Amino acid sequence: QRYPGMNSFRVCDASITSNLKQIEQLCDLILSKSLDIRLQGFASTNPQLNHRLLSKMKIAGFNNLCYGVESGSERLLSKLGKKINIETIERVIKETFEAGIAVAVDMMVGMPDESEQDFRQSVDFLSRNKSYIHAVGINEYGDLPYSYIFSHMQEFLRIPNEIKRIRHKEMKNLIDPFYIAEAQKFNYDSKIN
């Protein structure tokens, strides 16, 4: 009642799907109060996320989820400490789309140790899933203090900025013909390096 007419909200948590019990409780509460709201936010492709819960999220008002995929390379995801495989990521994206929720994905180019093959796997990932994705955030990797890579840089091969920019441009040129929008971009290099 403090903000009449407000019915659209962006959840600014790093991942609204990291605690599925909590998100289901939120959906149940919204539905029990018959609230007419629209929600969007950043999410992880939690392996336990399924069509049943995604459908409930849609009914409760979630209309857009942005998944932090980062890379289509399982080798690179594993090296970055992500405990998920590409098959699961693709299943969650497809089920999100099928539940009627718009899907955006954040991809990273130029991550330390990203080989040309890793980059090609990211390109292939987008190509395979283009029917389910409405927007892609293409982010150039930059060192973030307190991240694992930042603290263990000696374990990773640095990618030159020029390669990052070439890969960024190539990925952008890929999504344009797919009619996928380019979502927000972040370039941390200028702020930290």
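The structure this text deals with has already been given above.
First, a word on what this report is: a plain description of the structure on this page.

What counts and how
- Residues numbered from 1 in each chain as written.
- Predicted model: local features only at pLDDT ≥ 70, side-chain atom pairs only at ≥ 80, totals over all residues.
- Heavy atoms only, no water.
- Helix = DSSP H or I, 4+ residues; strand = E, 2+ residues; numbered from the N terminus.
- Rg over C-alpha atoms; globule rule 2.2 N^0.38 Å.
- Buried < 20%, exposed > 50% of the residue type's maximum accessible area, 1.4 Å probe, protein only.
- Contact = heavy atoms within 4.5 Å.
- Phe/Tyr/Trp six-rings, centres within 6.5 Å; stacked < 30°, edge-to-face > 60°.
- Polar contact = N/O pair within 3.5 Å; in protein donor to acceptor, adjacent residues only side chain to side chain.
- Expected span 1.5 Å × (residues − 1).
- Arc of directions from axis to C-beta.
- Pairing = 2+ DSSP bridges.
- Right-handed = clockwise from strand over helix to strand, strands pointing away.

Our next topic: the overall build of the chain. In terms of regular secondary structure, the chain is built from eight helices and six strands. A compact globule built from 193 residues would reach a C-alpha radius of gyration of about 16 Å, and the chain, at 18 Å, matches this within 12%. If you line up the chain on its principal axes, its C-alpha atoms span 50 × 35 × 30 Å. Considering the chain as a whole, with its 193 residues, one finds that 45% of them fall into the buried category. Taking contacts inside the chain between residues at least 6 apart in sequence as the whole, the part at least 24 apart equals 80%.

Moving on: the packing of aromatic side chains. Applying the stated criterion across every chain yields a total of one aromatic pair. Taking 5.4 Å as the distance between ring centres and 65 degrees as the angle between the ring planes, the aromatic pair formed by F97 and Y132 counts as edge-to-face. Within this pair, whereas F97 is found in helix α4 (residues 86-98), its partner Y132 is found in the loop between α5 (116-128) and β5 (135-140), the two being separated by 35 residues in sequence.

A word on the environment of R10. Structurally, R10 is set in strand β1 (residues 8-11). According to the relative accessible area criterion, R10 is partly exposed, its value standing at 46%. For the pair formed by R10 and A43, sequence separation is 33 residues and the distance between their alpha carbons is 12 Å. A polar contact is formed between the side chain of R10 and the side chain of Q40, at a distance of 3.5 Å.

A separate point is the side chain of E95. For E95, the position within the fold is in helix α4. At 3.1 Å, the side chain of E95 forms a polar contact with the backbone nitrogen of H51. Not counting residues up to four positions away in its chain, the partners in contact with E95 are L49, N50, H51 and L54.

Time to look at the side chain of T88. Looking at the secondary structure, you find T88 in helix α4. Residue class for T88 comes out buried when judged on its relative accessible area of 16%. For T88, the residues in contact, after removing those within four places along its chain, are T45 and P47.

Compared with an ideal rise of 1.5 Å per residue, which puts 13 residues at 18 Å, helix α1 (residues 20-32) spans 18 Å between its outermost C-alpha atoms and is within 8% of the ideal. Buried within α1 are the following residues: L20, I23, E24, C27 and I30. Viewed along the axis of α1, the buried residues span an arc of 120 degrees, placing them on a single side of the element. The exposed residues of α1 that point more than 90 degrees off its buried face are K21, Q22 and S32. The secondary structure elements touched by the buried residues of α1 are β2 (38-43), α2 (51-60) and β3 (62-70). The distance from a side-chain oxygen at the start of α1 to the backbone nitrogen of K21 is 3.3 Å, and the residue carrying that oxygen is N19.

Turning next to the pairing of strand β4 (residues 102-109). The buried fraction of β4 amounts to seven of the eight residues, a majority that puts the element mostly inside the structure. For β3 and β4, the ladder comprises six bridges, and the chain directions are parallel. Bridge assignment links Y67 to a residue of β4, and that residue is V105. With six bridges connecting them, β4 and β5 associate as parallel partners. Bridge assignment links A104 to a residue of β5, and that residue is A135. In this region the chain leaves β4, passes through α5 and returns to the parallel neighbour β5; the handedness of that crossover is right-handed.

Turning our attention to the pairing of β5. The element β5 is extensively covered by neighbouring structure, given that six of its six residues are classed as buried. Residues of β5 alternate between two faces, with A135, G137 and N139 on one and V136, I138 and E140 on the opposite face, all of them buried.

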